[in-house]
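# Topology and contacts: notes
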Amino acid sequence: MLKDITLGQFFPGNTIVHRLDPRTKLILVIVYIVALFSAEGVVTYALVFAALAAVVALSKIKLKVILKSMKPLLFIILLTGLLNLFYTQGTPLLSFWIFTITREGIFNALFMVLRIAMLLAGTFMLTYTTSPISLTDGLEKLLNPLKKIKVPVHELSMMMCIALRFIPTLIEETDKIINAQKARGADFETGSIIRRAKALIPILVPLFISSFRRADELAVAMECRCYHGGEGRTRLKELHYQPRDYLALTEGLVLAVAVIVLAQFGL
């Protein structure tokens, strides 16, 4: 299950999606989320889904990779759908015990599951097609105006991207610890909830120790390379908007406006 989590991973490529400026991709993700949460009916959801499908196709990221990444979150997605199914007021279709299924509940459950799945897929595409260094530079550039009010933009961007970068590493480390504990006879799958929680202690303790050790090694490595924050820092690759970035931003804004307008008519 842990190996299915791909958040924070970067899949190198030379597609048009990979070549987009990281600032463009960050803005488009925000626009995509606004459009997705503004969608109300079949037409608007279809527009957002078509845009997501186009990005996935252009990026050449395999669909099974995206679906596999959602597997660990399947319980949350299904739980959200069930809550909307049973607790939405409307025209009753079926009733048993304390549960009532309504017509509106079915539509809400379907749309909510679809919305969460599309939200995850859209945000995953950002990290799949953008390297951590590019993501850091793009985020810092977008937040540059906040420097005027003494906000440590560079440090915040660096911390966020380092945390994102080390998610796959920590997942791999956790998987190794679990396998090592199982080889020593540990059982994490049977017993009561309390017993299972106690069984996690032999996993969490070495994981925390390993995390602090990695953090210390990273700090030493950054000091050895004379890292002193963003002051006077130069970049190997300077960010510059290209015509494809303006085209992508225009298409994203058109999509968001179209979804918002159509949603006003319940479409």
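Look up a bit, the structure's there.
Starting from 1, residues in each chain are numbered consecutively following that chain's sequence as written. The predicted origin of the model limits local features to residues at a pLDDT of at least 70 and limits the giving and counting of side-chain atom pairs to 80 or more, whereas totals for whole chains, interfaces and linings rest on all residues. Remark: hydrogens and water are excluded; side-chain values derive from all non-hydrogen atoms of the structure.

### Brief notes about the overall build of the protein
Secondary structure elements follow DSSP: runs of H or I of four or more residues count as helices, runs of E of two or more count as strands, with numbering from the N terminus. Looking only at helices and strands, the protein features eleven helices and two strands. Sequence-ordered secondary structure for the protein, helices as α and strands as β, is α-α-α-α-α-β-β-α-α-α-α-α-α. In terms of overall dimensions, the protein has a C-alpha envelope of 65 × 60 × 40 Å along the principal axes. Split into buried and exposed, the 267 residues of the protein put 35% on the buried side. Three exposure classes are used, based on accessible area relative to the maximum for each residue type with a 1.4 Å probe and protein chains only: buried under 20%, partly exposed in between, and exposed over 50%.

### Comments concerning the side chain of Thr-129
Its place among the elements puts Thr-129 in the loop between α6 (103-128) and α7 (132-142). Of the residues examined, Thr-129 reaches a relative accessible area of 2% and is grouped as buried. Of note is the side chain of Thr-129, whose polar atom sits 2.7 Å from the backbone oxygen of Met-125. Contacts are assigned to residue pairs that have any heavy atoms within 4.5 Å of one another. If near-sequence neighbours (up to four positions away) are discounted, Thr-129 is found in contact with Phe-10, Val-17, His-18, Lys-25, Ser-59 and Ile-61. Counting of polar contacts relies on pairs of N or O atoms within 3.5 Å, with two restrictions inside protein: one atom must be capable of donating a hydrogen and the other of accepting it, and residues adjacent in sequence are counted only when both atoms are side-chain atoms.

### Remarks on the layout of surface pockets
Cavities and pockets are found on a 1 Å grid laid over the protein atoms alone: a cavity is a set of points where a 1.4 Å probe fits but cannot escape, a pocket is an open set with protein on both sides within 12 Å along at least five of seven lines, and a lining residue has an atom within 4 Å of such a point. Grid points are joined across faces, edges and corners, and a volume is the space filled by probe spheres set on the points. The calculated volume of the second largest pocket comes to roughly 630 Å³. Taken together, 23 residues line the second largest pocket, and the ones lying closest to its centre are Leu-20, Leu-28, Ala-51, Val-55 and Ala-248. Those elements giving two or more residues to the lining of the second largest pocket turn out to be α1 (16-19), α2 (22-38), α3 (42-59), α6 and α11 (243-263). With six residues, α11 is the single largest residue contributor to the lining of the second largest pocket. Residues that form the lining of the second largest pocket fall into these classes: 17 nonpolar, three polar and three charged. The classification used treats Ala, Val, Leu, Ile, Met, Phe, Trp, Tyr, Cys and Pro as nonpolar, Asp, Glu, Lys and Arg as charged, and all other residues, Gly among them, as polar.

### Observations concerning the pattern of salt bridges
Here, a salt bridge means any Lys or Arg side-chain nitrogen found within 4 Å of an Asp or Glu carboxyl oxygen. One pass over the full model with this rule turns up two salt bridges. Arg-23 is paired through a salt bridge with Asp-21; the nearest N and O atoms lie 3.0 Å apart. Look at Asp-21 and you get buried, because its relative accessible area is 4%.

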